[in-house]
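Below, each chain spelled out in residue letters.
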Amino acid sequence: KMSFIFRCTILMFLMISSAFSYTSERYERLVSYENITQVGTFEYSGITVKVYTRPGHSMRSLTRKITSIIDNLHAFYGNRSSRMCYYRPVEIFIVSLDTLNNHQIMSFLNWGQWKNRIRGVYTSSTSGDENTSIFVSNDSLLNTTLSHELSHYWQDIHCLSQSEEESRSFERFSITRL
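Note that the structure is predicted; figures quoted are calculated from it, not measured.

**Q** Describe the nonpolar core, and please don't skip the residues or the numbers.
**A** Ranked by size, the top nonpolar core spans 26 residues in total, and within it V49, I66, I92 and L150 carry the most contacts. For this core, the secondary structure elements donating two or more residues are strand 2 (47-53), helix 3 (59-77), strand 3 (90-95), strand 5 (133-137), helix 5 (142-157) and helix 6 (164-175). Ranked by the residues each element gives to this core, the list is headed by helix 3, at 7 residues. Excluding anything up to four places from it in sequence, I66 contacts F42, V49, V51, I92, L146 and L150.

Take a look at the structure:
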């Protein structure tokens, strides 16, 4: 007979394995390095969001932040984004600032785009065979960075021009309402 502890260990392994089963293989090193064991999936305002984070973060709090930011996106963009031009779920990874800037762990990013350390990044998939993902550092600027990167996602799914200036304006707009 299998011991209770052994059965629980197997069950936990299967749950964690299935939770990450459709995470892109290219993110496996990140998930392992950051000890990401919390995964939350929800749908809000026609958008499917999957959040990955380490233990100790409140998934409920993160979900509230993200849904508030989506509401702010509707308010900020108004009629310019009344309809999505295509549907694309988004994965959000909340990681440490050091991990986010670790070129080996985050080797799938195009590091030539940035001169300094980054706090967040949005990666789009135009081919449809890769994930659309947001990576943000879990620091004091989490709300600001999450707002900024979700703005890029919003611009993408509504076929608006990618604009750093507009995303920075949305940051300021969103932060006053969170």
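**Q** Just give me the short version of helix 6, but keep the residues and values in it.
**A** With 12 residues, helix 6 ought to run about 16 Å at 1.5 Å a step, and its terminal C-alpha atoms sit 16 Å apart, in line with that. Summarising the contacts, the buried residues of helix 6 are in contact with helix 3 and helix 5. With a side-chain oxygen lying 3.5 Å from the backbone nitrogen of E165, the N-terminal cap of helix 6 falls on S163.

**Q** Please set out the sheet that holds strand 4 (residues 120-123) residue by residue, giving values where relevant.
**A** Taken in spatial order, the 5 strands of this open sheet run 1-2-3-5-4, and their pairing is mixed. Single-partner strands in this sheet number two, and they are strand 1 (38-44) and strand 4. Neighbour-to-neighbour, the strand axes of this sheet turn through a mean angle of 15°, independent of strand direction. Bridge analysis of strand 2 against strand 3 gives 4 bridges, and the strand direction is parallel. Bridging from a neighbouring strand, Y52 pairs with F93 of strand 3. Lying over the sheet, helix 3 contacts strand 1, strand 2 and strand 3, oriented at roughly 30° with respect to strand 1. Each of strand 2, strand 3, strand 4 and strand 5 touches helix 5; the most contacted strand, strand 5, lies at about 165° to it.

**Q** I'd love a proper account of the side chain of T53, names of residues and values included.
**A** In this fold, T53 is placed in strand 2. Within the structure, T53 has its side chain in polar contact with the side chain of H57 (distance 2.5 Å). In this view, T53 contacts I36, T37, Q38, M59, L62 and I94; residues no more than four positions away in its chain are not counted.

**Q** Quick one: what's the story with the side chain of T48, residue by residue and with numbers?
**A** Residue placement: T48 occurs in strand 2. Relative accessible area serves as the criterion here: at 19%, T48 is assigned to the buried category. A polar side-chain atom of T48 sits 3.3 Å from a polar atom in the side chain of E43. If sequence neighbours within four positions are ignored, T48 has contacts with T41, F42, E43, Y87, P89 and V90.

Definitions and limits used
- Position numbers for residues start from 1 in each chain and track the written sequence from start to end.
- Residue-level local features of this predicted model are given only where pLDDT is at least 70; pairs of side-chain atoms are given and counted only at 80 or more, and the full residue set underlies all totals for whole chains, interfaces and linings.
- Computation of side-chain values covers all heavy atoms of the structure but excludes hydrogens and water.
- We define the nonpolar core as a collection of buried residues of types Ala, Val, Leu, Ile, Met, Phe, Trp, Tyr and Cys that are connected through side-chain atoms lying within 4.5 Å of one another.
- Burial here depends on accessible area, computed with a 1.4 Å probe over protein chains only, as a share of the maximum for the residue type. Under 20% is buried, over 50% is exposed, and the range in between is partly exposed.
- Helix and strand definitions follow DSSP, with helices as H or I runs of at least four residues and strands as E runs of at least two, each counted in order from the N terminus.
- Here, two residues are considered to be in contact whenever any of their heavy atoms come within 4.5 Å of each other.
- Here, expected helix span is obtained from the residue count minus one, scaled by 1.5 Å.
- The term polar contact refers here to a pair of N or O atoms within 3.5 Å; inside protein, the definition further demands a hydrogen-donor-capable atom paired with an acceptor-capable atom, and it admits residues adjacent in sequence only when both atoms are side-chain atoms.
- At least two bridges found by DSSP between two strands are what make those strands a pair.
- Axis definition: a line fit to C-alpha positions, over the contact stretch in the case of helices; interaxial angles, taken between N-to-C directions, run 0 to 180 degrees.

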